[in-house]
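Survey of secondary and tertiary structure
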Amino acid sequence: MEHEYDHEEERHNVRGPSKSSRKRESSALQDLGEALMALSAEQLARLELPEELLEAVRIGQGITAHGGLARQRKFIGKLLRGLDPEPIRAGLAALRGESAALVRVQHQCERWRDRMVAEGDAAVNDFVGEHPGAERQKLRQWVREARRERDAGLPPRAARLLFRYLREFLSADAEAPASPAGAEQG
């Protein structure tokens, strides 16, 4: 009999997660849902979410009322409880990494464009020295045109073309696998 009592006592001492930890997990899932609602349609499609969750996120993106948004956030959290959230978190992290890389390229392009327009051929030569595949003549032409437009107070058409070229060139450069020579320059 004593043995039965011990077994009964052990069974009653086995507890699940505390109420606080369940609340933290629920809040974390709601935050994940909120992060999903902040994504564009294209980014959501890349995450390959279950249809019911995707629909709930899309509906949440269209809600502006505070109370309705809070309810939708809780509903999305409930849907996420039935799923493994780790692949979704990993997908979000990958999207953020891509976004950070795109922002880095955008800033790099802005710096090069501004420097080329300000300094002229010296900056173009520096860029071509760092990026041998760049078309020096095309860059010089756009820089001259951008300076002329700036001085005449015209819209910056050539500066935009220069920026677009730099973005395409540096984006392709960033996607290429790093070579040992490129690693030494970094």
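Residues numbered from 1 in each chain as written. Predicted model: local features only at pLDDT ≥ 70, side-chain atom pairs only at ≥ 80, totals over all residues. Heavy atoms only, no water.

Turning our eyes to something else, we now look at the packing of helix H4 (residues 51-62) against helix H5 (residues 66-81). In the contact formed by H4 and H5, the axes pass within 10 Å of each other and the chain directions differ by 165 degrees. Considered as vectors, H4 and H5 are oriented roughly antiparallel to each other. Where H4 crosses over H5, the handedness of that crossing is left-handed. Taken together, the residues of H5 that come into contact with H4 (itself represented by Glu52, Leu53, Ala56, Val57, Ile59 and Gly60) are Leu69, Gln72, Phe75, Ile76, Leu79 and Leu80. Per-class residue counts for the contact of H4 with H5 are nine nonpolar, two polar and one charged. (Axes fitted to C-alpha atoms, helices over the stretch in contact; angles between N-to-C directions. Helix = DSSP H or I, 4+ residues; strand = E, 2+ residues; numbered from the N terminus. Parallel < 35°, antiparallel > 145°, perpendicular 65-115°, else oblique. Left-handed = near helix turned anticlockwise from the far one by under 90°. Contact = heavy atoms within 4.5 Å. Nonpolar A, V, L, I, M, F, W, Y, C, P; charged D, E, K, R; others polar.)

Moving on to the packing of aromatic side chains. The tally for this structure, following the rule as stated, stands at four aromatic pairs. Both rings, one in Trp142 and one in Tyr165, keep their centres 5.5 Å apart while their planes meet at 55 degrees; by these two values the pair is tilted. In this pair, Trp142 is assigned in helix H8 (residues 136-152) and Tyr165 in helix H9 (residues 157-175), connecting sequence segments 23 residues apart. According to the relative accessible area criterion, Tyr165 is buried, its value standing at 11%. Through successive ring pairs, a cluster of aromatic residues spans Trp112, Phe127, Trp142, Tyr165 and Phe169. (Phe/Tyr/Trp six-rings, centres within 6.5 Å; stacked < 30°, edge-to-face > 60°. Buried < 20%, exposed > 50% of the residue type's maximum accessible area, 1.4 Å probe, protein only.)

Looking at helix H7 (residues 121-130), one finds that the buried residues are Ala123, Val124, Phe127 and Val128. Angularly, the buried residues of H7 cover 135 degrees about the axis, an arc narrow enough to put them on a single face. (Arc of directions from axis to C-beta.)

What follows deals with the pattern of salt bridges. Should the charged atoms of two oppositely charged side chains come close, the side chains can pair. What the rule picks out here adds up to ten salt bridges. Linking Arg73 and Asp31 is a salt bridge whose minimum nitrogen-to-oxygen distance equals 2.3 Å. Here Arg73, found in helix H5, pairs with Asp31, found in helix H2 (residues 19-37); they are 42 residues apart in sequence, far enough to count as distant. A relative accessible area of 41% places Asp31 in the partly exposed class. Between Glu34 and Arg73 there is a salt bridge, and its shortest N-O distance comes to 2.7 Å. With Glu34 in helix H2 and Arg73 in helix H5, this residue pair connects regions lying 39 residues apart in the sequence. Residue classification places Glu34 among the partly exposed residues on the basis of a relative accessible area of 40%. Taken together, the shared-partner salt bridges connect Asp31, Glu34 and Arg73 into one network. (Salt bridge = Lys/Arg side-chain N within 4 Å of Asp/Glu carboxyl O.)

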